[in-house]
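Single-letter residue listing:
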Amino acid sequence: DVPFIRHNRAALFCEMDRLGDAVMDYSAIILSDDRDVEALYRRWLIYLSKKALFAAEDDFEKMIEIAPENLYGKMGKASVMKRRGEWKEAEEYYSDLIYKNKTVGELYFNRAECYLQLNRLARADEDIKKSLNLGYEDASVYILRGQLRSAQYDKQSAKQDFIKAKELGVNENALVDYLRMCK
C-alpha cells in the first residue's frame, strides 16, 4: 500500500516540478523493493533530465537486469538512442514496440519525435494524433506538435500548442524561444 502512495506522490511532485522530492520518493520505493521497475524507470527519467548520466545509467542497467522484456526498460533503450542522435534507429525500435503495444500513447509520442527529427512531418503528425487519441496528454505532446506546426509554417496553430503546454505546467521561460518563432 505504501509504495502505491509513494508512486502517486512522486508523480505529483514531477508535475509540480519538484524533481528532488520525486527522486527521494522513488529512491525510498527502490530501497524497499529494488525490483520496482517503474520506480527505477521514473527515477532514471529524472536523472536524465538533470543530466546525472552516471546515476541514470545505473538505474537503466538495473532495469534491464531485472526485466529485459519490460516495456519501461525497452523505452529506456530507445530513449538512449534518441539522446545519441540515432533517430532512425530509435524510430525503428519504437515501431517494433508499437507493433507489440498498440495502445500505449507514449510510444507514439516518442516515435513522432523521431519522425520530426527525420523530417517525416506527415508521419509525425499521425503519431501525435494517435498519442493524444490514446490519452497521452503530457505537455510535451503540445510542444512537439507546436514544433511540427512551426516546421509546416502554421505559426498560429503552433502558438496555440505552446500556450496549451504552458497551461499544462511548462515553465514560460522554456517556451520563450518557441513563442518567438511564432511571430
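Residues numbered from 1 in each chain as written. Predicted model: local features only at pLDDT ≥ 70, side-chain atom pairs only at ≥ 80, totals over all residues. Heavy atoms only, no water.

A short note on the overall build of the protein chain
When helices and strands are tallied, the protein chain shows eleven helices and zero strands. For the protein chain, the C-alpha radius of gyration of 17 Å lies close to 16 Å, the compact-globule estimate for 183 residues. Seen through its principal axes, the protein chain has C-alpha atoms that stretch 50 × 35 × 30 Å. Taken over 183 residues, the protein chain has a buried fraction of 42%. Placing the 30 positive and 32 negative side-chain charges of the protein chain at their respective mean positions leaves the two points 5 Å apart. (Helix = DSSP H or I, 4+ residues; strand = E, 2+ residues; numbered from the N terminus. Rg over C-alpha atoms; globule rule 2.2 N^0.38 Å. Buried < 20%, exposed > 50% of the residue type's maximum accessible area, 1.4 Å probe, protein only. Lys, Arg positive; Asp, Glu negative; His and termini not counted. Charge placed at Lys NZ, Arg CZ, Asp CG, Glu CD.)

As for the nonpolar core
Judged by nonpolar contacts, the single largest core of 33 residues is most densely connected at Tyr26, Trp44, Met63 and Tyr94. Secondary structure elements with two or more residues in this core: α1 (2-15), α2 (19-32), α3 (37-49), α4 (53-66), α5 (71-83), α6 (87-100) and α7 (105-117). When residues of this core are assigned to their parent elements, the largest contribution, eight residues, is made by α3. Among all residues touching Trp44, those that are not within four sequence positions of it are Ala56, Glu57, Asp59, Phe60, Met63, Gly76, Ser79 and Val80. Counting residues in hydrophobic clusters, the runner-up holds 21 residues, among them Ala112, Tyr136, Ala139 and Ile143. (Core = buried A, V, L, I, M, F, W, Y, C linked by side-chain atoms within 4.5 Å. Contact = heavy atoms within 4.5 Å.)

Some points on the side chain of Arg145
Residue placement: Arg145 occurs in helix α9 (residues 139-151). For Arg145, a relative accessible area of 17% puts it in the buried group. With residues up to four places along the chain from it excluded, the contact list for Arg145 reads Ile128, Leu132 and Asp161.

Some words on α4
The end-to-end C-alpha distance of α4, which contains 14 residues, comes to 20 Å, matching closely the 20 Å that a straight helix rising 1.5 Å per residue would cover. Those residues of α4 that sit buried are Ala56, Asp59, Phe60, Met63 and Ile66. Along the axis of α4, the buried residues cluster in a sector spanning 130°; they form a single face. Every exposed residue of α4 that faces more than 90 degrees away from the buried side is listed here: Phe54, Asp58 and Glu65. On the buried face of α4, the contacting elements are α3 and α5. (Expected span 1.5 Å × (residues − 1). Arc of directions from axis to C-beta.)

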